[in-house]
Amino acid sequence: PLFSLFTSPLITGDSANNSGIVGVLLIAAGAFFLQKVSGKKFSLNNGMAVMVLSALVFSVSINFAKLAVIRSNPFFTTAFTDIFVGVVFLIVFNKEKLENRPHTPLQKILVLSLLSLGVEVLALNALSRAPVTYASGLILLSPLFTVILAGTLLQEKQLLKRLGAAGLMVVGAIILSIS
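Since this is a predicted model, take the numbers as computed values, not measurements. (Residues numbered from 1 in each chain as written. Predicted model: local features only at pLDDT ≥ 70, side-chain atom pairs only at ≥ 80, totals over all residues. Heavy atoms only, no water.)

Description of a nonpolar patch on the surface
This is how it is decided: For patches, a residue must show more than 30% relative accessible area and have no salt bridge; joins then use 9 Å for like charges and 5 Å for nonpolar side chains, namely Val, Leu, Ile, Met, Phe, Trp and Tyr. Areas reported as accessible are Shrake-Rupley estimates using a 1.4 Å probe. Residue values count occlusion only from the protein chains shown. Every case where a carboxyl oxygen of Asp or Glu lies within 4 Å of a side-chain nitrogen of Lys or Arg is listed as a salt bridge. Between buried and exposed lies partly exposed: a residue is buried under 20% and exposed over 50% of the maximum accessible area for its type, with that area taken using a 1.4 Å probe on protein chains only.
Together, Phe76, Phe80, Ile83, Phe84, Val85, Val87, Val88, Phe89, Ile91, Val92 and Phe93 make up a nonpolar patch on the protein surface, roughly 1,100 Å² of accessible area in all. On the basis of relative accessible area, Ile91 is assigned to the exposed category, the value being 64%.

Quick look at the structure:
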């Protein structure tokens, strides 16, 4: 949502009020502290640079997703974008590349697809009802659940520090939701 503070006014005309900006900054601070807890330093030579680029691309694409939802509906937008992305991936990852990968049971792929579809439809529905900066902040609450699951299922270390950082993101999302 941090980059959306700049891209949303340009693309959709959405802008955040002062409390919305505070909420976004808390979410960004929580994400920063989550990275800091992992012990990795930010470097253009590692995955963090890719994540920053991903966040920038997301801040643009989510605005266009909102415009698409407003002009149609969440179901059509989801179907169109998923089909488009699927065709692009089929072209980029040709059959030879896919044959070298281990096979995943069809049931797991189906469950993952249905869950992804549900998340996407709900997220697009949220976009149609709120400014992009606010909706994207709420959509990005997944780190809290990821931290909880990683701590309980994978026994990752420093759970309390990670929960604190994710909690900061939750506070930011709560501020966004009431602003």
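Some words on the side chain of Asn63
Spelled out, the test is: A run of DSSP states H or I qualifies as a helix once it reaches four residues; a run of E qualifies as a strand once it reaches two. Both are numbered from the N-terminal end. Every residue pair with non-hydrogen atoms within 4.5 Å of one another is taken to be in contact.
Along the polypeptide, Asn63 turns up in helix α3 (residues 47-71). By relative accessible area, which is 0% here, Asn63 ends up buried. Ignoring any residue separated from it by four or fewer positions in sequence, one finds Asn63 in contact with Thr7, Ser8, Ile11, Thr12 and Val132.

Things to note about the nonpolar core
Going by this rule: In this text, buried Ala, Val, Leu, Ile, Met, Phe, Trp, Tyr and Cys residues form a nonpolar core when linked through side-chain atoms within 4.5 Å.
The biggest cluster of nonpolar side chains holds 11 residues, and these are Leu5, Val24, Ile27, Leu34, Tyr134, Val147, Ala165, Ala166, Met169, Ala173 and Leu176. Counting only elements with at least two residues in this core, the list comes to α2 (18-37) and α9 (159-178). At five residues, the largest contribution of residues to this core is made by α9. In terms of nonpolar packing, the next biggest core, distinct from the first, is built from seven residues, Leu124, Leu127, Val132 and Ala135 among them.

Considerations on the pattern of salt bridges
Summed over all chains, the structure comprises one salt bridge. Here Lys66 makes a salt bridge to Asp14, at a shortest N to O gap of 3.0 Å. Of the two residues, Lys66 sits in helix α3 while Asp14 sits in the loop between α1 (4-11) and α2, which places them 52 residues apart along the sequence. Grouping residues by exposure puts Lys66 and Asp14 together as buried.

What to know about α2
The condition is simple: Residue count minus one, scaled by 1.5 Å, sets the expected span of a helix.
Under the 1.5 Å per step criterion, the end-to-end length of α2 is 29 Å for 20 residues, consistent within 8% with the ideal 28 Å. For α2, the complete set of buried residues consists of Gly20, Gly23, Val24, Ile27, Gly30, Leu34, Gln35 and Val37.

Quick word on the environment of Gly23
Among the structural elements, Gly23 can be located in helix α2. When sequence neighbours within four positions are dropped, the list of residues in contact with Gly23 reads Gly172, Ile175 and Leu176.

Some remarks on the environment of Val121
With respect to the secondary-structure elements, Val121 resides in helix α6 (residues 106-129). With a relative accessible area of 13%, Val121 lands in the buried category. In the structure, Val121 is positioned 45 residues away from Phe76 in sequence and 9.3 Å away in space, judged by C-alpha atoms.

A word on the environment of Arg162
Here Arg162 lies in helix α9. Note on Arg162: relative accessible area 17%, which makes it buried. C-alpha separation for the pair Arg162 and Leu144, spaced 18 residues apart in sequence, amounts to 8.6 Å.

Regarding unusual backbone geometry
Look at Gln158: it is not a glycine, yet its phi comes out positive at around 60°. Position of Gln158 relative to the elements: it lies in the loop between α8 (142-153) and α9.

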